[in-house]
Amino acid sequence: RQMCIRDSITSRGYIANGKLLMAESSGSWILVDLVEGTLVKRLTIPSTDTDPVLNATWADGVWHLMSRQQAMAIDERGHSLWRDAIFRPMKNFVAQFVSHRFVVLISRIIPGDMNSEGRPGIGPFTYRLFFLDRIQGEIVEEFDLGPLEKPLDPIRSTMTSDHLLLTTTDSTLIISGL
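Throughout, residues of each chain are indexed from 1 in the direction in which the sequence is written. Per-residue local features of the predicted model are confined to residues with pLDDT of at least 70, and side-chain atom pairs are confined, for both listing and counting, to 80 or more; whole-chain, interface and lining totals are unaffected and use all residues. Side-chain measures here rest on the full set of heavy atoms in the structure, leaving out hydrogens and waters.

Engineer: How should I be thinking about the pairing of strand E15 (residues 172-176) in this particular structure?
Structural biologist: A regular strand places its side chains on the two faces of the sheet in alternate fashion. Here a strand pair is declared whenever DSSP counts at least two bridges between the two strands. Labels follow the DSSP assignment, with helices taken as runs of H or I lasting at least four residues and strands as runs of E lasting at least two, numbered in each case from the N terminus. Pairing between strand E14 (residues 163-167) and E15: 5 bridges, direction antiparallel. From the neighbouring strand, Leu 164 faces E15, where its bridge partner is Ile 175. Counting the residues between successive antiparallel strands, the hairpin from E14 to E15 contains 4 residues.

Engineer: Could you clarify how one ought to interpret the pairing of E14 in this entry?
Structural biologist: As paired strands, strand E13 (residues 158-159) and E14 are joined by 2 bridges and run antiparallel to one another. Looking across to E14, one finds that Thr 158 is bridged to Leu 165.

Engineer: Would you mind going over the packing of aromatic side chains with me for this structure?
Structural biologist: Given two aromatic rings, one states the distance between the centres and the angle between the planes to describe the pair. Any two of the Phe, Tyr and Trp rings considered here, Trp counted by its six-membered ring, make a pair once their centres fall within 6.5 Å; the pair's planes then place it as stacked at under 30 degrees, edge-to-face at over 60, or tilted in between. Under the criterion given, the structure shown has 4 aromatic pairs. With a centroid separation of 5.7 Å and 20 degrees between ring planes, the pair formed by Phe 131 and Phe 143 is classed as stacked. Residue Phe 131 is found in strand E11 (residues 126-133), and its partner Phe 143 is found in strand E12 (residues 139-145); the two are separated by 12 residues along the sequence. Only protein chains enter the calculation, and the probe is 1.4 Å; a residue is then buried if its accessible area is under 20% of its type maximum, exposed if over 50%, and partly exposed in between. Its relative accessible area of 4% is what places Phe 131 among the buried residues. What makes Phe 143 partly exposed here is its relative accessible area of 24%.

And the structure:
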């Protein structure tokens, strides 16, 4: 089967359970059924990012999506289950990790932004970690990390069932008890 989608695709595709998820240049996300060759859903979510979907993780029949300014979960038919309720003018998400209990969002605090205690962020590599309930999307916990000497590397970082391993170019931080 062949299918032509008339738009400029701006991100890599994410495939799970016979579905392809991709971002369009408009900021919309599209979900395509690869078996049927049909467009399942177009989610219109305006974004100023050139790559609106930075991370898409499939877990237990749910897509967990993250862009720089929002995180959300959708089911395999593209219906919204939840959106984050993090109220900050610039969320600046840089990484997302999904476990059986949590969606962990990592936001880079830009110097001058307020940290979780209401004080200005310090250092160029300070982060805020948000732990959201994976099913409901509610914030369970948040805390600041840093300042670090070097930036976190989301590609080299990972999450296990009960540990979050955050890596820079020369060190790894381990957060236990998840």
